[in-house]
Amino acid sequence: GKKLRFERDKKNRDHRGRLLRYVWDGNKMLNLELVKEGYAFAEHVSPNYKYRKVLEEAELEAERMKKGLWSACPELIKLHKKDKEGQDKVRKSPK
């Protein structure tokens with residue numbers, strides 16, 4: 001079988017207890033490949049932002065090209081965008 005490498009960022013788990021990892025197959029980040037093909041969204045849990053820019057760029061391109069979920073699941077896309085808007089508001093709010 002294949003050997004995969006799991007890369008940890010700053011935070012180990014999210015608020016639900018899920019393990020947060022970037023998954024690598026050699027030099028290929030599988031998280032990125034899923035986002036590029038439209039099979040996953042670029043979700044980030046603060047302070048885990050190591051690959052945020054590249055994942056968000058891949059998501060925008062998948063959306064533009066109507067790949068995967070971007071063409072197949074309009075209701076899911078609406079929920080994702082609404083959730084993302086809420087996250088952006090939280091990030092920008094003064095403390």
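Remember, predicted model here, so these are calculated numbers, not experimental data. (Residues numbered from 1 in each chain as written. Predicted model: local features only at pLDDT ≥ 70, side-chain atom pairs only at ≥ 80, totals over all residues. Heavy atoms only, no water.)

S.K.: An account of the side chain of Glu 7 is requested, with residue identities and associated values reported.
M.R.: Summarising the element assignment, Glu 7 is placed in strand β1 (residues 5-7). Here Glu 7 falls in the buried class, since its relative accessible area comes to 10%. Those residues in contact with Glu 7 that sit more than four places away from it in its chain are Leu 20, Arg 21, Tyr 22, Trp 24, Lys 50 and Tyr 51. (Helix = DSSP H or I, 4+ residues; strand = E, 2+ residues; numbered from the N terminus. Buried < 20%, exposed > 50% of the residue type's maximum accessible area, 1.4 Å probe, protein only. Contact = heavy atoms within 4.5 Å.)

S.K.: Which residues make up helix α2 (residues 52-64), and what are the values?
M.R.: With 13 residues, α2 extends 18 Å from end C-alpha to end C-alpha; this agrees with the ideal 18 Å at 1.5 Å per step. Where α2 terminates, the next one or two residues include Lys 66, which has phi positive at roughly 55°. (Expected span 1.5 Å × (residues − 1).)

S.K.: So, the pattern of salt bridges: which residues are in play, and what are the values?
M.R.: In the structure shown here, the tally under the stated rule is eight salt bridges. Glu 61 is paired through a salt bridge with Arg 64; the nearest N and O atoms lie 2.8 Å apart. Of this pair, Glu 61 and Arg 64 are both found in helix α2, three residues apart, which corresponds to roughly one turn of the helix. (Salt bridge = Lys/Arg side-chain N within 4 Å of Asp/Glu carboxyl O.)

S.K.: How would you sum up the environment of Tyr 49? Please name residues and give values.
M.R.: Among the secondary structure elements, Tyr 49 is positioned in the loop between α1 (30-36) and α2. Assessed through its relative accessible area of 29%, Tyr 49 is described here as partly exposed. Measuring from C-alpha to C-alpha, the distance between Tyr 49 and Lys 10 comes to 8.5 Å, with 39 residues separating the pair along the chain.

S.K.: So, unusual backbone geometry: which residues are in play, and what are the values?
M.R.: Looking along the chain, the bond that leaves Ser 46 and enters Pro 47 is cis, with omega of 5°. Counting through the fold element by element, Pro 47 comes out in the loop between α1 and α2. Unlike most non-glycine residues, Lys 66 shows phi in positive territory, near 55°. Summarising the element assignment, Lys 66 is placed in the loop between α2 and α3 (69-72).

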